[in-house]
Each structure stands twice: as C-alpha cells, then as structure tokens.
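As a plain string of letters, each chain reads:
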Amino acid sequence: MSPLLRLSDPGGVAGPERQQLVHSRDDMVPSAFRQYGADLIRLGYCLTGDRGAAEEAVQDAFVSLYRNWDRVRDHSALLPYLRAVVVNRCRSVHRHRFRTVRATEPLTPELMSLPGADTAVVARADARELVARVRTLPQRQREVIVCRYYLDLSERQTAELLEITVGSVKKHAHRALATLHDQLEVAR
C-alpha cells in the first residue's frame, strides 16, 4: 500500500504508530515524487524552456521538501508547496539568464526567447508559434498564462501559487492574451 493511500485509510493503525505512518518523510517524499514529479517537470519546462533547468528546479523542490518536512504545515497538500518551490526556482533561472545575457551582450528578442527543445515535441506550426510568443511575454504574464491554461488552475489558485491578488491574475492574463492576440493577428 502506498504511503499516500495510508493518509486517507490508515488501515486501523491508531495512536503514535499512525502519526509516524502518516507523516514519515522517508515514505511520503518518494511517493510524492512518483505522483507529481512528471507534472512538475512539465511546469518547470513551460516556465524555463529548458528541460535540464526544469528537472533541476523539481529536484530542488523535493530536496527542500525533505529538509523542511517538519516545517510543512499540511502534509496532505504537498502539491501546492512543490509547485510554489518550482515556480520560485524557475524565476531564479530567468534572473540568472537575464544577468548573464545582460553582462555579455545587448538584450535582443532572439536572446529573450531562449528556444528550447520544444520544436521536436510540438508538431504543429501553430503550437510552436504560440509557445514562442508566450516566451516573449513578461515573466509575470507568462507565469499566469502557464498556471491558468497549462495547469488549468483557477484564478484564486493561480493567485495563491504566485502570491499575488486575484485582480492581478486577471490583469496579467488579460494583458497577456491581448498581446498574444495582436501578435498572432499581425503574423498572419
């Protein structure tokens, strides 16, 4: 029986044994990785455009979860915690890229887009074009678009994950969609 199943059905275990069973990080962290790892890597890839950076962000998230297990308030809701760590790590990747690029060369649209390996994955030309356009959006708009339309999070969930207000989510989504609409209309 997986440790995640034990949370909802402790199998008749009571008292201190149940506490240890439910909150054992040695059982829960690997189980959470098996359950959420691939989705978190996809999230990181959408935000960075780099599979290696995405995998590193997810690895950092699980290392952080393991190290801070005793400080995590709700062990039954690990996914929001892990998503927040991945988003923050991806922000750090972008900050590092921006500083590196700025220090070596002038910032150009080609350098800002930082194309990844998505061309081998995305077969349709429309999808490739949309991915490229989303990458040119400002960071906050890009994060909102990924959360709302890739992760299919509600406005409230997106606001909580990005630590902004629901109104800001609406504003960034509206601006991003308007920009994408205008760019795609001009390109056609």
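Structure's up top.
Presented here is an overview of the structure given in this document.

Reading guide: rules and limits
Residues numbered from 1 in each chain as written. Predicted model: local features only at pLDDT ≥ 70, side-chain atom pairs only at ≥ 80, totals over all residues. Heavy atoms only, no water. Core = buried A, V, L, I, M, F, W, Y, C linked by side-chain atoms within 4.5 Å. Buried < 20%, exposed > 50% of the residue type's maximum accessible area, 1.4 Å probe, protein only. Helix = DSSP H or I, 4+ residues; strand = E, 2+ residues; numbered from the N terminus. Contact = heavy atoms within 4.5 Å. Salt bridge = Lys/Arg side-chain N within 4 Å of Asp/Glu carboxyl O. Disulfide = S-S within 2.5 Å.

**Digging into the nonpolar core**
Within the largest apolar cluster, 34 residues are counted, with the highest numbers of intra-cluster contacts made by L40, L43, F62, L65, L78, L82 and V86. Those elements that provide at least two residues to this core are α3 (25-48), α4 (51-67), α5 (78-104), α9 (139-150), α10 (155-162) and α11 (166-187). The element that contributes the greatest number of residues to this core is α3, accounting for 9 residues. Beyond its immediate sequence surroundings of up to four residues, F62 is in contact with V29, A32, F33, G37, L40 and L82. Counting 5 residues, the second largest nonpolar core, distinct from the first, contains V134, L137, A176 and L180.

**Points about the pattern of salt bridges**
In total, this model carries 5 salt bridges according to the counting rule given. Note that D39 is salt-bridged to R42, the shortest N-O span being 2.3 Å. Taken together, the residues D39 and R42, both in helix α3 and 3 residues apart, mark about one turn of the helix. Taking relative accessible area as the criterion, D39 reaches 41% and is therefore assigned partly exposed. As a salt-bridge pair, R140 and E143 come within 3.6 Å of each other at their nearest N and O atoms. Taken together, the residues span about one helical turn, with R140 and E143 both in helix α9 at a distance of 3 residues. Salt bridges sharing partners connect three or more residues here, namely R91, R140 and E143.

**Here we look at the state of the cysteines**
For the structure on display, the rule yields 0 disulfides. The closest cysteine sulfur to the non-disulfide-bonded C90 is located on C46, 9.7 Å from its own sulfur. For C90, a relative accessible area of 1% puts it in the buried group. Between C147, a cysteine without a disulfide, and C46, which holds the nearest cysteine sulfur, the sulfur-to-sulfur distance is 10.0 Å. C147 gets classed as buried once you look at its relative accessible area, which sits at 1%.

**Let's talk about the environment of G167**
Here G167 is to be found in helix α11. Here G167 falls in the partly exposed class, since its relative accessible area comes to 45%. When the C-alpha positions of G167 and R156 are compared, they lie 9.4 Å apart, and in sequence the two are 11 residues distant.

Any link to function would need more than the numbers given here.
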